[in-house]
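Given next are the chains, with one letter for each unit.
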Amino acid sequence: MRQKALLFDFDGVVADTEGEYSRFWDKMGMRLLGRENFASVIKGSTLSNILQTYFPEREADTQQILSGLDELEKNMDYNLIPGVLDFVREAKRRDFKTAIVTSSNLPKMEFVYKARPEIKSCFDHILTSEDFSASKPEPDCYLKAMQLCGSDPQRSIVFEDSLNGLLSGRRSGARVIGLLTTLPQESVQALSDLQIEDFRDSEKIFKWIDTIGENESCN
């Protein structure tokens, strides 16, 4: 029988970093492109996809972004979304496979592991941007995570917060739980099956998950 799997984006789902990233990308968007609210456009995309799409053949701009990101990520606290690790540990006790599926690259995640070493041991798998070629909103990253977990869309739940991430989860065929950490509730509600503020009410979340029959088709 296929495993049940819970698949988590990282920023805005496991770690409360979206505010810092939004300020950084909004500043870069205005300074380098003259675009307002740039962070909302690129949320959920891999860094390589952002650079290739918006800064092709702009070496000086690329270096400015990379240097700024390196400094930002090196000094982040990576505070966790309330209740998330207790929720993941309980999920594993209930025989769920768990994975982080992030558009962040491995060098950024090394900063995370240094600040929060418990992250590495808490999840069965951690997928970074190096593990897939198509960026969110494409579903490739979640489909690969399901494969690694021995699961399939009917037995997988995706936890996401950004537009691109929610779309990626939807397109994978999994059920989607939306975190209200980044977007307005109406935006998250349109692309998710359940909406939560954080993971502190774990019994409510598991109760909802338990109502999903194993043979029920996902949206």
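Residues numbered from 1 in each chain as written. Predicted model: local features only at pLDDT ≥ 70, side-chain atom pairs only at ≥ 80, totals over all residues. Heavy atoms only, no water.

Peer 1: Looking at this structure, I do not really get helix α8 (residues 140-149). What am I missing?
Peer 2: Every α-helical turn comprises 3.6 residues, leaving residues that sit three or four positions apart pointing alike. What α8 keeps buried is the set C141, Y142, A145, M146 and C149. Across the axial projection of α8, the buried residues extend over an arc of 140°, all falling on one side. On the buried face of α8, the contacting elements are β1 (4-8), β2 (96-101), β3 (125-127), β4 (156-160) and α9 (163-172). One or two residues past the end of α8 sits G150, with phi positive at roughly 70°. (Buried < 20%, exposed > 50% of the residue type's maximum accessible area, 1.4 Å probe, protein only. Helix = DSSP H or I, 4+ residues; strand = E, 2+ residues; numbered from the N terminus. Arc of directions from axis to C-beta. Contact = heavy atoms within 4.5 Å.)

Peer 1: What's the story with the side chain of T62 in this structure? I'm lost.
Peer 2: Relative to the assigned elements, T62 resides in helix α4 (residues 59-75). Sequence-distant contacts of T62, that is, excluding residues within four places in its chain, are made with L51 and F55.

Peer 1: Please explain the environment of F8 as it appears in this structure.
Peer 2: Secondary-structure assignment places F8 in strand β1. F8 sits in the buried class, given a relative accessible area of 0%. Measuring from C-alpha to C-alpha, the distance between F8 and F87 comes to 12 Å, with 79 residues separating the pair along the chain.

Peer 1: Just to check I follow, could you spell out the nonpolar core for this structure?
Peer 2: For soluble globular proteins, the rule of thumb is that nonpolar side chains tend to be buried together. With 50 residues, the main nonpolar core has L6, F8, W25, I65, F159 and F199 as its most contacted residues. For F199, the residues in contact, after removing those within four places along its chain, are F8, V13, I81, P82, G83, V84, F87, F159, L179 and I205. Counting 18 residues, the second largest nonpolar core, distinct from the first, contains F132, Y142, V158 and L191. (Core = buried A, V, L, I, M, F, W, Y, C linked by side-chain atoms within 4.5 Å.)

Geometric values such as these leave the question of function open.
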